[in-house]
Amino acid sequence: MTEMSIGSAVLTAVMGYAVVFFGLILLMIVVMILGKAMNKPASETAAVRDAEQAPVTRTPAPGSAGEIKLYDTDPKDAAMIMAIVADTLGKPINELRFISIREVKE
Amino acid sequence: MDVLATLQKLVMESGFAGFFMAGGWKNLIMILIAFVLLYLGIVRKFEPLLLCGIAFGCLLSNLSYFVALGGENALYHPEIWSTFLDPSSPYYHSYGYIMSNCGLLDFFYIGVKAGIYPSLIFMGVGAMTDFGPLISDPKSMLLGAAAQLGVFAAFFGAILLGFTGNEAASIGIIGGADGPTAIFLTTKLAPHLLGPIAIAAYSYMALIPMIQPPLMKLFTTEEMRKVKMEQKRQVSRNEKIIFPIVVATFVILLLPSTAPLIGCLMLGNLFRECGVTDRLSDTAQNALMNIVTIFLATSVGATMVADTFLNIQTIFIIILGLIAFSISTIGGLLGGRVMYQVTGGKINPLIGSAGVSAVPMAARVSQDVGRKYNKSNFLLMHAMGPNVAGVIGSAIAAGFLLSVFG
């Protein structure tokens, strides 16, 4: 057991509170840097992908389904989904407009 | 056969006769306290998963005193654990001695004493916690730090009341509003206070919806409480996977004494987020958590024996625990007010009170109070940031106190 004087107790309390702040502030900085580092490549990749898709979306082929954005969806799956929707609705696929297809994870 | 002598022997050996033995009335009081705790857990639903086990552990431990009169058939032997903790004893830190002489609850208690149960509970907590709100807004870590004020204020208060440094540190950590952390630290520093500290920690956590709202009203203005916060950014899966690895590495290097708690917390979270260990995540969240909760609660309850529980220290601990909770809430709210000023009114200070840990109840209280003043306000996800930061903050506070007094 450690007997403490009031002075030592004050010092320990202040130092403890400071250590908690210090630890969490450093962790905050690390998480901020991590977030920036991880989001930067993602945004750059998205920009490159958008740039690659741009010419295609600007001039859709005649009779195509127009511009469509795919999120976590394979183009083959997307084609199948569009075909099923068109068949279910009983309409030609070029009369339908698909905006985006996203895979629902949960 | 002497019928009278046989009857007399049966009466004398019954547990009821123990009421009239020296100190028997104290155990009777402890049994009544166990009944009250069972009522609070079952009827009032105060942290029932833990309080029911704690109360029943207390009941069994004190009943077994009557049956065995503290002898070898008792379920829990405080005197054996005193020997275990006495450096002059030949059985100092001898688990072999404990295991060859123990009752059922002594056996359960080994997991508490070795710091296994609180760490495993932390693994389950990690598997259940989404750190996304904290990653999307790392500034909320400041609120988790600010809300540890009560830990150190109660520590100082306990010293003023004559507790030793080790005892004061264990009492102070009640302000972290984190049961496993409180049990972990108390077991290491002041095991004789484990019963009252666990009861205080879990009771006040259950009372958060009653303790916090008046303080939230007192330390914020109506204008502040109406602040609507902007939606947070989406956090990528990769960020969520890297977060537990970074936090474990960073915090353990900073304060090695936090390794059992932070290590298990972040391991559980990694199971949850990495996407390839769903079975382990499920086990940590459910089966393991439930099994450990049973052992932890009953063995902590078993330590509530009359000699260590029925004294003035317990009353001081209950009062200091309430003070610690309240000051931690105030610390978080004041931190929230500072952030409100610094950001030009973009942060609602009510989320600061969630920094006291107690996941997710404290965040829910922030949400409820916020909606009371602005119906279109949804503070829950904003409050979850400081809330989970509070878990890390209280583990750091415990690690600091363990480094100083351990």
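Residues numbered from 1 in each chain as written. Chains lettered and ligands numbered in written order. Predicted model: local features only at pLDDT ≥ 70, side-chain atom pairs only at ≥ 80, totals over all residues. Heavy atoms only, no water.

## Some details on helix 19 (residues 287-302) of chain B
Our working definition: Here a strand is any run of E in DSSP of at least two residues, a helix any run of H or I of at least four, and the numbering for each starts at the N terminus. Given the number of residues in a helix, its expected span is that number minus one, multiplied by 1.5 Å. Exposure is judged per residue with a 1.4 Å probe applied to protein chains only, and the accessible area is read against the type maximum: over 50% gives exposed, under 20% gives buried, and values in between give partly exposed.
Under the 1.5 Å per step criterion, the end-to-end length of helix 19 of chain B is 23 Å for 16 residues, consistent within 8% with the ideal 22 Å. The complete set of buried residues in helix 19 of chain B reads Met289, Val292, Thr293, Leu296, Ala297, Thr298, Ser299, Val300, Gly301 and Ala302 of chain B.

## Section: the pattern of salt bridges
Residue and element names in this part refer to chain B. Formally: We define a salt bridge as a contact between a side-chain nitrogen of Lys or Arg and a carboxyl oxygen of Asp or Glu at a distance within 4 Å.
Tallying each qualifying case throughout the model produces five salt bridges over all chains. Residue Arg233 is joined to Glu239 by a salt bridge in which the shortest nitrogen-to-oxygen separation is 2.8 Å. For the salt bridge of Arg272 with Glu273, the shortest nitrogen-to-oxygen distance reads 3.1 Å. Given the relative accessible area of 11%, Glu273 is considered buried.

## Considering the layout of surface pockets
Think of a ball as big as a water molecule: rolled over the atoms, this probe shows where empty space is left. Residue and element names in this part refer to chain B. The condition is simple: Any residue with an atom within 4 Å of a point lines the site, the site being either a cavity, points on a 1 Å grid over the protein atoms alone where a 1.4 Å probe fits but cannot get out, or a pocket, an open set with protein on both sides within 12 Å along at least 5 of 7 lines. Grid points are joined across faces, edges and corners, and a volume is the space filled by probe spheres set on the points. Gly counts as polar in this scheme, as do all residues outside two lists: the nonpolar Ala, Val, Leu, Ile, Met, Phe, Trp, Tyr, Cys and Pro, and the charged Asp, Glu, Lys and Arg. Domain segmentation is taken from an automatic or database assignment of domains.
Counted as a void, the second largest pocket has a volume near 880 Å³. Considering the residues around the second largest pocket, the lining is formed by 33 residues, among which Glu47, Val125, Met128, Met289 and Val359 are closest to the centre. Mapped by element, the contributors of at least two residues to the lining of the second largest pocket are helix 3 (48-68), helix 7 (116-128), helix 12 (179-189), helix 13 (194-206), helix 19, helix 22 (361-373) and helix 23 (380-405). Broken down by class, the residue content of the lining of the second largest pocket amounts to 21 nonpolar, seven polar and five charged. Of the domains in this structure, domain 1 (3-110) and domain 2 (116-405) are the two that each give at least three residues to the lining of the second largest pocket.

## Observations concerning the packing of aromatic side chains
Residues and elements named next belong to chain B. Selection criterion: Aromatic rings from Phe, Tyr and Trp, taking only the six-membered ring of Trp, are treated as a pair when their centres fall within 6.5 Å; an angle between ring planes under 30 degrees marks them as stacked, one over 60 as edge-to-face, and anything in between as tilted.
Within the structure shown, the criterion is met by 14 aromatic pairs over all chains. Centroid distance Phe155 to Phe405: 5.7 Å. Interplanar angle 50°. Geometry classified as tilted. Taken as a pair, Phe155 in helix 10 (residues 149-160) and Phe405 in helix 23 lie far apart in primary sequence, 250 residues in all. Each member of the pair, Phe155 together with Phe405, is buried. Where Tyr204 meets Phe325, the ring centres are 5.8 Å apart and the plane angle is 55°; that geometry is what we call tilted.

## Quick notes on the interface of chain A and chain B
In many reports, interface size means the accessible area that the parts give up when they come together. Applied cut-off: Note on definitions: a residue-residue contact is assigned when non-hydrogen atoms from the two residues lie within 4.5 Å. As used here, buried area is the combined drop in accessible area, with a 1.4 Å probe, of two parts when they are placed together. Under the rule applied, a polar contact is a pair of N or O atoms within 3.5 Å (in protein, one hydrogen donor and one hydrogen acceptor; residues adjacent in sequence only if both atoms are side-chain atoms).
In this assembly, 30 residues from chain A lie in contact with 39 residues from chain B. Buried area between chain A and chain B, both sides added, is near 3000 Å², and the carbon and sulfur share of it is 86%. For the interface between chain A and chain B, the tally reads one residue pair in polar contact (both at pLDDT 80 or more). Of the residues assigned to the side of chain A that touches chain B, the class counts are 22 nonpolar, seven polar and one charged.

## Focus: a nonpolar patch on the surface
Here is the rule: Like-charged residues are merged into a patch within 9 Å and nonpolar side chains (Val, Leu, Ile, Met, Phe, Trp, Tyr) within 5 Å, provided each residue has over 30% relative accessible area and no salt bridge. Under the convention used here, a 1.4 Å probe and the Shrake-Rupley method define accessible areas, while residue burial counts only the protein chains that appear.
A contiguous nonpolar patch, built from Ile6, Val10 and Val14 of chain A together with Leu160 of chain B and spanning about 350 Å² of accessible area, is present on the exposed surface. If one sorts the elements of the nonpolar patch by residue count, helix 1 (residues 6-58) of chain A sits on top with three residues. Structurally, the position occupied by Leu160 of chain B is in helix 10.

## What about a negative patch on the surface?
Residues and elements named next belong to chain A. Note the cut-off: Charged residues are defined narrowly, with Lys and Arg counted positive, Asp and Glu counted negative, and His plus the chain ends left uncounted. Every charge is mapped onto a representative atom, which is NZ of Lys, CZ of Arg, CG of Asp or CD of Glu.
Negative charge collects at one region of the surface, where Asp72, Asp74, Asp77 and Glu103 lie side by side. Tracing the backbone shows Asp77 in helix 2 (residues 75-89). Given the relative accessible area of 37%, Asp77 is considered partly exposed.

## What about empty space enclosed by the protein?
Residues and elements named next belong to chain B. Per the counting criterion, the structure on display carries one cavity of 30 Å³ or more. Reported here for the largest cavity is a volume of approximately 30 Å³. Forming the walls of the largest cavity are Phe184, Leu185, Ser257, Thr258, Leu261, Ala395, Ala398, Gly399 and Leu402. For the lining of the largest cavity, the elements supplying multiple residues, two or more each, are helix 12 and helix 23. It is helix 23 that provides the largest number of residues to the lining of the largest cavity, a total of four residues. A breakdown of the residues in the lining of the largest cavity according to their chemical character gives six nonpolar, three polar and no charged.

## Section: the packing of helix 13 of chain B against helix 14 (residues 208-218) of chain B
Working note: a packed helix pair is described by the angle between its axes plus the distance between those axes. Residues and elements named next belong to chain B. Here is the rule we go by: Between N-to-C directions, angles span 0 to 180 degrees; the directions come from axes that are lines fitted to C-alpha atoms, helices contributing only their stretch in contact.
Their axes nearest at 5 Å, the elements helix 13 and helix 14 cross at an angle of 65°. Facing Tyr204, Met205 and Ala206 of helix 13, the residues of helix 14 in contact are Ile208, Pro209 and Ile211. Residue composition of the contact of helix 13 with helix 14, grouped by class: six nonpolar, no polar and no charged.

## Description of the nonpolar core
Heads up, the condition is: The nonpolar core is taken to be a set of buried Ala, Val, Leu, Ile, Met, Phe, Trp, Tyr and Cys residues, with the residues joined through side-chain atoms within 4.5 Å.
Core analysis: the biggest nonpolar cluster contains 134 residues, and Phe243 and Ile392 of chain B have the highest contact counts within it. Those residues within four positions of Phe243 of chain B in sequence are excluded, and the remaining contacts are Val31 of chain A together with Phe131, Leu134, Ile135, Met141, Met266 and Ile392 of chain B. Of all hydrophobic cores here, the second largest spans six residues; its members include Ala86, Leu96, Phe98 and Ile101 of chain A.

## Regarding the domain arrangement of chain B
Residues and elements named next belong to chain B. According to the domain assignment, chain B contains domain 1 (3-110) and domain 2 (116-405). Look at where the C-alpha atoms of domain 1 and domain 2 centre, and you get two points 31 Å apart. With 23 residues of domain 1 in contact, the opposing surface of domain 2 contributes 26 residues. Summing the contributions of domain 1 and of domain 2, the shared interface buries around 2200 Å²; its carbon and sulfur component is 79%. Scanning the region where domain 1 abuts domain 2 turns up zero salt bridges.

## Topic: the environment of Ile171 of chain B
With respect to the secondary-structure elements, Ile171 of chain B resides in helix 11 (residues 165-172). In the structure, Ile171 of chain B is positioned 67 residues away from Leu104 of chain B in sequence and 28 Å away in space, judged by C-alpha atoms.

## A look at unusual backbone geometry
All names here are of chain B. Cis geometry marks the peptide bond from Val359 to Pro360, where omega comes out at -10°. The residue Pro360 is located in the loop between helix 21 (312-342) and helix 22 in this model. The backbone of Ala177 shows a phi angle near 50°, a positive value even though the residue is not glycine. Relative to the helices and strands, Ala177 resides in the loop between helix 11 and helix 12. Overall, Ala177 belongs to the buried group, its relative accessible area being 1%. A positive phi angle, near 70°, is found at Ser357, a position not held by glycine. Mapped onto the elements, Ser357 comes out in the loop between helix 21 and helix 22.

## Structural notes on the side chain of Arg225 of chain B
Residues and elements named next belong to chain B. Its location among the elements puts Arg225 in helix 15 (residues 222-225). Buried Arg225, no salt bridge; nearest opposite-charge side chain is Glu222, N-O distance 4.9 Å. Side-chain polar atoms of Arg225 contact the backbone oxygen of Thr220, separated by 2.7 Å. Look past the residues within four positions of Arg225 in its chain and what remains in contact with it is Met216, Lys217, Thr220, Asn348, Leu350, Val369, Gly370, Tyr373 and Asn377.

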